[in-house]
Amino acid sequence: MIKFVLMVNRQGQTRLSRYYQPVELSRRAALEADVVRCCLTRKKDQCSFVEYKDFKLVYRQYAALYIVVGVTDTENELSIYELVHNFVEVLDKYFSRVVRHSDFIFTVQMFYCLSINQLCFVSQQSELDIMFNLDRVHIILDEMIQNGHIVETNKSRILAPLTALDKMADG
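I will try to describe carefully the structure that is included in this document. All figures in this text were calculated on a predicted structure; none of them were measured in a lab. (Residues numbered from 1 in each chain as written. Predicted model: local features only at pLDDT ≥ 70, side-chain atom pairs only at ≥ 80, totals over all residues. Heavy atoms only, no water.)

Turning next to the environment of Cys 39. Relative to the helices and strands, Cys 39 resides in helix H1 (residues 25-40). Each C-alpha atom of the pair Cys 39 and Val 58 lies 8.9 Å from the other, and the pair is 19 residues apart in sequence. For Cys 39, the residues in contact, after removing those within four places along its chain, are Leu 57, Tyr 59 and Val 68. (Helix = DSSP H or I, 4+ residues; strand = E, 2+ residues; numbered from the N terminus. Contact = heavy atoms within 4.5 Å.)

And the structure:
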């Protein structure tokens, strides 16, 4: 089960947080700081799965942003690792569509490069794009994860509510 999802920048500032198990507000800041410190201090050649207290952390870096997911010990780390990648692909698909169909100014481009035995994924989605559209990012995340369980991975179905909202806004 997923306990939380965090999106943080290289400076350790939380840009998005979603908790699926209750955590007191007073403890959230300390938990986030400790989790972020744990992930950001790791070297690039180290594994993206970290044992942390009574749960595991799965994280991925995309340009200047880190996405960190806290999961129970019974959760499959590779499925969460792929979920994070899928989440970023959905963000790219939505924001690149927004660029083409409205007056928003975004610099959303995805570059794929092949590195040794893995696909290196670099996003030029800026931190500001995420911050100024936090409501949209939360909708995407809520379509993918509910009550700490993955409920949808199909990009078109995830984006359907946002597509409907955008059509209503356009009139």
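Moving on to empty space enclosed by the protein. Scanning the model with the defined rule gives 1 cavity of 30 Å³ or more in all. As a volume, the largest cavity reaches approximately 60 Å³. In terms of lining residues, the largest cavity is bounded by Val 5, Ile 67, Val 69, Leu 83, Val 84, Phe 87, Leu 141, Met 144 and Ile 145. Counting residues per element, the ones that place at least two in the lining of the largest cavity are strand E5 (65-71), helix H2 (77-101) and helix H4 (134-144). Top contributing element to the lining of the largest cavity by residue count: H2, with 3 residues. Classifying every residue of the lining of the largest cavity gives 9 nonpolar, no polar and no charged. (1 Å grid on protein atoms, 1.4 Å probe; cavity = no way out; pocket = protein on both sides within 12 Å on 5 of 7 lines; lining within 4 Å. Points joined across faces, edges and corners; volume = space filled by probe spheres on them. Nonpolar A, V, L, I, M, F, W, Y, C, P; charged D, E, K, R; others polar.)

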